[in-house]
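# A closer look at the structure
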Amino acid sequence: MIGKYNNIKIQGMCSAVPEYVENNMSFANIIGKRRAKKQIKITGVEERHISGKHQRTSDLCYAATLPLLEKLQWKREEIKVLLFITQGPNYAHPSTAFFLHKRLGLQKDCLVYDLNLGCSSFNVGVHTVSALLQTCETHDKALLLIGDTAGMIRNPEAPLKPDDIAHDMLFGSAGAAIAIEKVEQHPLYFMNMSDGNGYDAIIGYKGRPSQMDGAAVFSFAINDVSDGVNSFRKHFDISEDNIDHYIFHQAQDLILDNIIDACNIPTEKELRSLRHYGNTSGTSVPVTVCANRDEIQKKEKENLLLCGFGVGLSWGCIYTEIDTENILPIIETNEHYDEDKKPAWGLHDKNILVLCADTEMGEWLSRFDNGRSAMVIMAGKDPQRLKEIQNDLFLDSDYFVMETINKETIHAVLEYCRENEFPLDGVVIPEAVSAEILSYLSEELASGYGEELVSVVVLEPVSSESELETYKKSMETKLKGSSCQTEEHCVRVNGIIYVDSQLDIVQITEDGKDWIDLYLERECPKNMKKPIYVSQTQCFLLSKTSRYITESVISFNN
């Protein structure tokens with residue numbers, strides 16, 4: 001399909017990416033320095049912005065939309081179309097566009113829906129919105145939102161292979177907002193093509209990683225896409241002098257180099273964003289526009305030829321003039337909206353206090369619980385280490401400095417929680433404490449420092465397997481009578497013991513690097529799974545699912 005609108009103007013663009021940056025050379029000691037360098041050379045991707053599991057595509061698109069609306073001074077009632085294009089919607093139904101419609105405060109007189117599309121999202125989206133605006137009044141406006149969290153922080157429990165890492169080294173996450181208006185005497189040229197015979201060249205099944213036939217995609221890109229660009233320019237008689245810059249979907253350098261060669265495009269005219277943002281799926285065209293705004297804004301107006309291609313297989317072009325002052329810089333954000341989310345991992349909306357959080361086990365548990373949607377407050381001796389952990393956690397958290405665990409410090413940290421309106425659902429103690437301290441903690445929590453049901457989990461290491469039974473009986477004695485109940489509060493206490501020498505703790509950092517290193521080096525030995533088992537059991541004991549379990553001891557051995 002090829003054609004022209006005489007009354008459509010792209011009024012502005014803004015893009016948003018997660019704050020967290022993953023450098024591809026950090027994987028050199030996993031897949032090998034030689035392979036990592038070769039991957040970077042072929043793809044052109046040195047680093048990428050990747051999102052945590054709490055940050056969704058809709059969050060990035062929302063973040064991109066607000067400054068764009070402010071820059072353009074658009075009124076909400078003027079927006080008649082909201083189209084959201086993604087391969088990762090918030091829900092199976094309804095369209096995530098309705099959720100964004102609510103968050104943006106748009107009026108009811110607005111057409112809203114989603115499209116499921118990847119790398120050709122920009123050209124298809126602009127074409128679709130332009131067609132819809134033909135039924136509207138002059139100066140009616142539309143928002144085209146495109147995004148995908150193609151690059152995400154991996155779950156540290158997921159199996160990994162070097163090929164999986166090489167795949168991840170290509171992709172980044174981003175969201176974009178494109179403002180489109182119906183105006184008179186402003187042309188926009190479009191072309192969109194499809195080839196369903198290649199539907200499985202890039203394919204993803206539910207619950208599985210996407211699969212790509214690299215050879216088929218490469219052949220498609222350097223042949224069909226190149227032919228499409230040449231045909232598009234020829235059809236509308238667009239001379240090279242009338243194109244200021246070309247921007248293609250950021251597949252990888254090798255593909256782009258071949259396309260510009262096949263289309264005889266001057267290299268200085270073709271702009272990229274791969275180096276710092278990677279392949280951001282359907283968002284890559286607007287991301288590249290925004291990433292190169294300094295170059296584009298050397299002129300007040302620019303004629304851009306914009307081309308998206310990929311999954312489907314699909315490809316197309318947009319050629320139009322854009323006012324460069326309304327191209328905004330890329331926003332970096334880790335903001336996320338959680339009110340619509342359903343409880344996840346049993347700790348959603350839970351407030352968890354982790355004592356001794358600056359120890360190895362304490363840090364592991366703090367990260368684990370935060371990763372399962374808990375709001376964590378950490379207590380420990382080392383303020384610098386606590387601050388480092390806090391900065392690395394994705395959800396909001398806090399910390400409190402306490403030198404040791406005794407009645408006075410427990411009272412102080414509980415008072416701190418109450419003063420900061422942090423009612424506790426659970427307390428985790430990763431080191432041995434006395435029966436007296438446990439009883440005191442329970443009584444304090446029952447007196448009004450926590451929610452209706454508060455869970456206390458004590459973890460104690462032992463030096464050898466032979467000591468497990470002895471320590472189990474000792475723990476049972478310690479727990480007996482430690483739980484407490486009043487008319488308003490129920491405090492239950494449970495314990496976990498494990499063989500410390502057989503428990504290999506691996507810290508989960510945001511990039512998961514330490515975990516990946518050890519996983520690949522040792523091929524996930526059984527003793528490496530133990531921290532996961534301990535953490536999952538602790539997580540279960542903190543959740544309401546185990547509300548009837550108290551004064552029990554769980555032990556871990558081979």
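These remarks concern the structure in this document.

Parameters and conventions
- Along each chain, the written sequence defines residue order, and numbers are assigned to residues from 1.
- Owing to the predicted nature of the model, reporting of local features is limited to residues with pLDDT of at least 70; listing and counting of side-chain atom pairs is limited to 80 or more, with chain, interface and lining totals taken over all residues.
- Excluded from the side-chain calculation are hydrogens and water; included are all heavy atoms of the structure.
- Think of it in three bands: with a 1.4 Å probe and only protein chains considered, a residue is buried below 20% of the maximum accessible area for its type, exposed above 50%, and partly exposed in between.
- Helix numbering and strand numbering both begin at the N terminus, where a helix is a DSSP run of H or I of at least 4 residues and a strand a DSSP run of E of at least 2.
- Along the arc lie the directions from the helix axis toward the C-beta atoms.
- The contact definition used throughout considers only heavy atoms, calling two residues in contact when any of these lie within 4.5 Å.
- Under the pairing criterion, centres of Phe, Tyr and Trp rings, with the six-membered ring standing for Trp, must be within 6.5 Å; the plane angle then separates stacked pairs below 30 degrees from edge-to-face pairs above 60, leaving the rest tilted.
- Two limits define a charge over a ring: the Lys NZ or Arg CZ must be within 6 Å of the ring centre, and within 35 degrees of the ring normal.
- A pair of strands counts as paired when DSSP detects no fewer than two bridges linking them.
- Helix axes use the C-alpha atoms of the stretch in contact, all axes being lines fitted to C-alpha atoms, and the angles between their N-to-C directions lie in the range 0 to 180 degrees.
- For the purposes of this analysis, a disulfide is any pair of cysteine sulfur atoms at a distance within 2.5 Å.
- Here the angle decides the label: under 35 degrees means roughly parallel, over 145 means roughly antiparallel, 65 to 115 means roughly perpendicular, and every other value means oblique.
- By convention the crossing between two helices is left-handed if the near helix lies anticlockwise of the far one by an angle smaller than a right angle, and right-handed if it lies clockwise.
- Only Asp, Glu, Lys and Arg are considered charged, only Ala, Val, Leu, Ile, Met, Phe, Trp, Tyr, Cys and Pro nonpolar, and every remaining residue, Gly among them, polar.

### With respect to helix α13 (residues 383-392)
If you check which residues of α13 are buried, you get L386, I389, Q390 and D392. For α13, the angular spread of buried residues about the axis comes to 165 degrees, placing them on one side. Exposed and facing more than 90 degrees away from the buried side of α13 are Q384 and N391. Among the structural elements, α12 (360-371), β18 (375-380) and β19 (397-401) are those in contact with the buried residues of α13.

### Thoughts on the packing of aromatic side chains
Each pair of aromatic rings is reported with the distance of its centres and the angle of its planes. Scanning the model with the defined rule gives eight aromatic pairs in all. The interplanar angle of 45 degrees and the centroid separation of 5.7 Å between the aromatic rings of Y189 and Y319 together place this pair among those described as tilted. A residue pair is termed long-range when its members are at least 10 positions apart, and Y189 in strand β9 (residues 188-194) and Y319 in strand β15 (residues 314-323) qualify at 130 residues. With respect to burial, Y189 and Y319 carry one shared label: buried. The cationic tip of K141 hangs over the ring face of W74; the distance from NZ or CZ to the ring centre is 5.6 Å.

### Looking at the sheet that holds strand β7 (residues 141-149)
Strand order across the open sheet formed by six strands is β6-β5-β7-β8-β2-β16, with mixed pairing between neighbours. Lying at the two open borders of the sheet, with one neighbouring strand each, are β6 (111-115) and β16 (331-333). Across the sheet, the mean angle from the axis of one strand to that of its neighbour is 20 degrees, orientation sign disregarded. Here three bridges tie strand β2 (residues 8-18) to β16, and the two strands are oriented parallel to one another. When the sheet's bridge partners are listed, P18 is paired in β16 with T333. Helix-sheet contacts for helix α5 (residues 121-133) involve β2, β5 (79-85), β6, β7 and β8 (173-182), and the interaxial angle to β7 is about 155 degrees.

### What about the state of the cysteines?
The tally for this structure, following the rule as stated, stands at zero disulfides. Between C484, a free cysteine, and C490, which holds the nearest cysteine sulfur, the sulfur-to-sulfur gap is 8.7 Å.

### Let's talk about the pairing of β15
Within a regular beta strand, the side chains point alternately toward one face of the sheet and then the other, so they alternate between its two faces. Of all ten residues in β15, nine are buried; the element is thus mostly enclosed. In this sheet, β15 lies alongside β9 in antiparallel orientation, the contact comprising seven bridges. Each residue of the ladder has a partner; that of Y189, found in β15, is Y319. Summarising the sheet, strand β14 (residues 301-310) and β15 pair through ten bridges and their orientation is antiparallel. Following the sheet pairing, N303 is matched in β15 by E321.

### So, the packing of helix α14 (residues 407-419) against helix α15 (residues 435-449)
The N-to-C vectors of α14 and α15 enclose an angle of 25 degrees; their axes lie 10 Å apart at closest approach. It follows that α14 is roughly parallel to α15 by the angle criterion. Taken as a pair, α14 and α15 cross one another with a handedness that is right-handed. Listed contacts from α15 to K407, I410, H411, L414, E415 and R418 of α14 are E436, I437, Y440, L441, E444, L445, G448 and Y449. Classifying every residue of the contact of α14 with α15 by side-chain character gives seven nonpolar, two polar and five charged.

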